[in-house]
Amino acid sequence: MGLNPYNAADFIQETAPGFRPRVGIILGSGLGGLADRIDVVASIEFKDIPDFPQSSVEGHAGRLILGRLGGMPIVCMQGRIHLYEGADPQDLAVPVRVLKLLGIEILLVTNAAGSFHKDVGPGRLMLITDHINMTARNPLVGDNDDRFGPRFFSMEDAYDPTLRDHFKAIAKEMKIELAEGVYLHYLGPNFETPAEINAFRILGADAVGMSTTPEVLVARHCGLKVAAISNITNLVAGLSETKLSHEQTLECAKLAAEDLEQLIIIFLETLKRELLKTHIKEDDNGNS
Ligand code: HPA
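Residues numbered from 1 in each chain as written. Predicted model: local features only at pLDDT ≥ 70, side-chain atom pairs only at ≥ 80, totals over all residues. Heavy atoms only, no water.

*Asks:* So what's going on with the site of the ligand? Which residues, and what values?
*Replies:* The environment of the ligand is made up of Ala-112, Ala-113, Gly-114, Phe-191, Glu-192, Val-208, Gly-209, Met-210, Thr-233, Asn-234, Leu-244 and Thr-249. A distance of 3.0 Å separates a nitrogen atom of the ligand from a polar side-chain atom of Glu-192. Residue Asn-234 places a side-chain N or O atom 2.7 Å away from a nitrogen atom belonging to the ligand. Relative to its unbound accessible area of 260 Å², the ligand is 96% covered by the protein chains. The set of elements that each furnish at least two residues to the shell around the ligand consists of strand E5 (106-115), strand E8 (207-209) and strand E9 (225-235). Ranked by residue count, the leading element in the shell around the ligand is E5, at 3 residues. The residue makeup of the shell around the ligand, split by class, is 6 nonpolar, 5 polar and 1 charged. (Near = heavy atom within 4 Å. Polar contact = N/O pair within 3.5 Å; in protein donor to acceptor, adjacent residues only side chain to side chain. Areas by Shrake-Rupley, 256 points an atom, 1.4 Å probe, with all protein chains shown as cover. Helix = DSSP H or I, 4+ residues; strand = E, 2+ residues; numbered from the N terminus. Nonpolar A, V, L, I, M, F, W, Y, C, P; charged D, E, K, R; others polar.)

*Asks:* Report on helix H2 (residues 93-102), specifying residues and quantitative values.
*Replies:* With respect to burial, H2 is a largely interior element, 8 of its 10 residues being buried. In the core, the buried residues of H2 are packed alongside helix H1 (5-15), strand E1 (23-27), strand E3 (63-69), strand E4 (72-78), E5 and helix H5 (213-221). After H2 finishes, the residue Gly-103 shows a positive phi value of roughly 125 degrees. (Buried < 20%, exposed > 50% of the residue type's maximum accessible area, 1.4 Å probe, protein only. Contact = heavy atoms within 4.5 Å.)

What follows is the structure in structure tokens.
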């Protein structure tokens, strides 16, 4: 038997009784700063949550935070596990399913990524329009868990067009340049070879990173709306003048971190104000 998301969700609900998050946020490498802006209701280390997978990567705190951000009840994963850590792909279904069980309807995913475009370099943000999963792994392979979703499901418009429009409008208003494009998930843990980068460019990639597609697959399977933004930390191998490293990723993640944090906070504020009726159903205890 694998990890049971119901055990994890029960434990979290006992830690924050009656609190229902409506939006889940997964923070990528070096983006932990957003966590400091949360009006915290409960903060739990992943390692203390039963049946919750652990990350071993430096720069990923491994903490689940429940609270309010931009006035919205949210749950934030500060850190995540990655396929390159050698985890059973099925374990990567657990965190998103736990967030779903806690009550979220929208999942916001962030990551650090390398850009294929010289004019979209370090310090820029890219709204993900679609993805290419080059890992040959998928958390949904194996018996389907019908409690969460159907065996077969569509990945068209996986990155919700309405949420994307919303992010674009906010970015424009805030004068933040927001690129758009296709994210390619490379298994890692090494960065790509220049030959691989050439191949991926032909395939249609605009940015490459080592995360995100497992969570998005699981989120779409269970009917969550998804938006995702890449924090561009470098130009891809072969285009980049600096040698790629995890330290470089963490350092350059800081460049656009503030923009991304602001974008997400304003997104949540306007979501609460304007899209409450279309995206989010009020619950009985006024916990909206
Ligand atoms: N490749 C893969 N993952 C990454 C990169 C990259 O260039 N930058 C940040 N994460």
